[in-house]
Amino acid sequence: MTPDLSCYGEGIRGLADLVGDFDLRSPMDVHAWYRVEWQAIAELLGFSQELEATLAPLRVVRDRVTATNQAGVDAFARWLRGQRPGLSDSHARTQDAVLAQLLAVGQERGELWRVTADPTTLAAGACYDDGGQLRRAFYSDTAPGYFGDGWNGPPPRAESACGWTTPLVLHLGTFPWVYSSRIDGTAVGARWASGATMPAITGMRAMARLLEPGGNLHQDARQVAAIFEHFTAHTAPLIARLPVYQSGRAVAGHLYRRAGFLYVHQGSLHLAGLPGPRGRIAAPAYNYALRRFACFFAVRRAALRALVALPSDIQRIAECSADPCLRRHVEEVARAG
């Protein structure tokens, strides 16, 4: 039985199809699908060589999902250590402590894709010491963007030592593109590292958690679907202006639509982008975000199809979910015996 994802929105079924279907009960399916998806992540962010080195030993493992996700995070970490640090040690320590809190709260609430918190309740008030002056550890993402209409309130319940006047909002499902209004260039989350601390690894681990059946089912998919609807509403008019790629008729260096994603013929995708009323959207950021949405629902579909074969603790996550679509599927499986 192929689970019906239309309860999350009419466009969700086609969205999942962008990255193909797979069966969680088939080791070969799991190996092939997760390998392809991590290769797509690594190619876009620049750690393909490191990924191949970490994937090589995984030919014989029992839990291919967990092992492949860990290999992807490890490869990203190895690549990150070779980059120039983007943060001071003080900044990175505060970010890492805050992210650890947000992950714990987000998983408990079933809202890990986008986490929102009063910064004054977080580690160090989400402030770091910059030469004796306290500064915000994250960007205050209040402007309308491609993942939402801005987050101006409610304001922090206590006075912030570093000037927070809005909630802290991070889109960890699309990490390292984490800010709704800042997807116009290089992913800022990929620079979250100092010589001693690497909060970017924590962020990548959060994204990978949503690719696992347990983490995926724990997330309320209604939140992801609503953000996707906002994303596509503000990008679809921009994408529609582009020609569809046709082999033999494409012009070198031009941007095209190809199999649902953006493609530059004989040129660099990293230099391409589209201007829009909510700011420029970089072509890599668009492809990456779209793929994250598609992968989430592809994993959700695979997890629902294989639910009775999944470990009992994962089945209980589905049974106790606040997501009505997920509970409805559990009930249908129970009636079918």
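Residues numbered from 1 in each chain as written. Predicted model: local features only at pLDDT ≥ 70, side-chain atom pairs only at ≥ 80, totals over all residues. Heavy atoms only, no water.

A. Geometry of the overall build of the protein. When helices and strands are counted, the protein shows eleven helices and eight strands. Over its C-alpha trace the protein gives a radius of gyration of 20 Å, about what one expects of a compact globule, namely 20 Å for 337 residues. A separation threshold of at least 6 residues defines the contact pool for the protein, and within that pool the share at least 24 residues apart is 70%. Entry remark: accessible area of the protein is about 15200 Å², with carbon and sulfur atoms responsible for 49%. (Helix = DSSP H or I, 4+ residues; strand = E, 2+ residues; numbered from the N terminus. Rg over C-alpha atoms; globule rule 2.2 N^0.38 Å. Contact = heavy atoms within 4.5 Å. Areas by Shrake-Rupley, 256 points an atom, 1.4 Å probe, with all protein chains shown as cover.)

B. Summary view of the environment of Ala190. Residue position: Ala190 is located in the loop between strand 4 (168-171) and helix 6 (199-209). Exposure remark for Ala190: the relative accessible area of 15% places this residue in the buried category. Sequence separation of Ala190 and Thr166 is 24 residues, and the distance between their C-alpha atoms is 24 Å. Residues contacting Ala190, with those up to four places away along its chain left out, are Trp79, Leu80 and Pro176. (Buried < 20%, exposed > 50% of the residue type's maximum accessible area, 1.4 Å probe, protein only.)

C. Structural context of the packing of aromatic side chains. Applying the stated rule across the entire model yields 22 aromatic pairs. A ring pair is formed by Tyr139 and Tyr179, whose centres lie 5.3 Å apart and whose planes are at 70 degrees; its orientation type is edge-to-face. Placement of the pair is Tyr139 in the loop between strand 3 (133-136) and strand 4 and Tyr179 in the loop between strand 4 and helix 6, with a sequence separation of 40 residues. On the basis of relative accessible area, Tyr139 is assigned to the partly exposed category, the value being 33%. (Phe/Tyr/Trp six-rings, centres within 6.5 Å; stacked < 30°, edge-to-face > 60°.)

D. View of the packing of helix 2 (residues 27-45) against helix 6. Direction vectors running N to C along helix 2 and helix 6 enclose 150 degrees, while the axes themselves pass 13 Å from each other. Relative to helix 6, helix 2 is oriented roughly antiparallel. The chirality of how helix 2 crosses helix 6 is right-handed. Seen from helix 2, the contacting residues are Trp38, Ile41 and Leu45; seen from helix 6, they are Met204, Met207 and Ala208. Within the contact of helix 2 with helix 6, the residues separate by chemical class into six nonpolar, no polar and no charged. (Axes fitted to C-alpha atoms, helices over the stretch in contact; angles between N-to-C directions. Parallel < 35°, antiparallel > 145°, perpendicular 65-115°, else oblique. Left-handed = near helix turned anticlockwise from the far one by under 90°. Nonpolar A, V, L, I, M, F, W, Y, C, P; charged D, E, K, R; others polar.)

E. Region of interest: empty space enclosed by the protein. Summed over the entire model, instances satisfying the criterion amount to three cavities of 30 Å³ or more. Roughly 60 Å³ of internal volume is contained in the largest cavity. Looking at the largest cavity, the residues that line it are Gly106, Gln107, Gly110, Glu111, Leu112, Arg209, Leu210, Gly215, His218 and Gln219. Secondary structure elements with two or more residues in the lining of the largest cavity: helix 5 (89-109) and helix 7 (213-218). (1 Å grid on protein atoms, 1.4 Å probe; cavity = no way out; pocket = protein on both sides within 12 Å on 5 of 7 lines; lining within 4 Å. Points joined across faces, edges and corners; volume = space filled by probe spheres on them.)

F. Quick peek at the pairing of strand 4. Burial of the side chains of strand 4 extends over both faces: Leu168 and Leu170 are buried on one face and Val169 and His171 on the other. By the bridge criterion, four bridges tie strand 1 (residues 114-117) to strand 4 in an arrangement that is antiparallel. Looking across to strand 4, one finds that Arg114 is bridged to His171. (Pairing = 2+ DSSP bridges.)

G. Expanded view of the pattern of salt bridges. Tallied over the entire structure, the rule returns twelve salt bridges. Across the pair Arg301 and Asp21 runs a salt bridge, and its minimum N-O distance is 3.5 Å. Here the residue Arg301 occupies a position in helix 9 (residues 283-305), and Asp21 occupies one in the loop between helix 1 (12-17) and helix 2, the gap between them amounting to 280 residues. One salt bridge connects Glu52 with Arg35, and the closest N-O pair in it is separated by 2.9 Å. Here Glu52, found in helix 3 (residues 48-55), pairs with Arg35, found in helix 2; they are 17 residues apart in sequence, far enough to count as distant. One connected set of salt bridges, linked through shared partners, spans Asp17, Asp21, Arg301 and Arg305. (Salt bridge = Lys/Arg side-chain N within 4 Å of Asp/Glu carboxyl O.)

H. Region of interest: the nonpolar core. In terms of nonpolar packing, the biggest core is built from 111 residues, with Leu170 and Phe297 touching the most fellow members. The element that contributes the greatest number of residues to this core is helix 9, accounting for 16 residues. In this structure Leu170 touches Leu99, Leu102, Trp113, Arg114, Val115, Phe138, Val178, Tyr179 and Trp192, once residues within four positions along its chain are discounted. (Core = buried A, V, L, I, M, F, W, Y, C linked by side-chain atoms within 4.5 Å.)

I. Layout of the pairing of strand 2 (residues 127-130). Where strand 2 and strand 3 come together, four bridges link them in antiparallel fashion. When the bridges of strand 3 are listed, Asp130 appears paired with Gln133. Taken together, strand 2 and the strand that follows it, strand 3, pair antiparallel across an intervening segment of two residues, in which Gly131 is found at a positive phi of about 65 degrees.

J. Representation of helix 8 (residues 221-240) in the model. Taking 1.5 Å of rise per residue, 20 residues should cover 28 Å, and helix 8 covers 27 Å from first to last C-alpha, within 8% of that figure. The largest bend in helix 8 is about 35 degrees, located at His234, with the proline Pro237 one to four residues further on. (Expected span 1.5 Å × (residues − 1). Bend = angle between axes of the 7 residues up to and from the residue.)

K. Representation of the state of the cysteines. For the structure shown, the criterion picks out one disulfide. Cys295 takes part in no disulfide bond, and the closest cysteine sulfur, belonging to Cys7, lies 19 Å away. (Disulfide = S-S within 2.5 Å.)

L. Highlighting unusual backbone geometry. Backbone torsion omega between Phe175 and Pro176 reads 10 degrees, so that peptide bond is classified as cis. Tracing the backbone through its elements, the reader meets Pro176 in the loop between strand 4 and helix 6. Even without a glycine there, the phi angle at Ala126 is positive, about 55 degrees. On the secondary structure map, Ala126 appears in the loop between strand 1 and strand 2.

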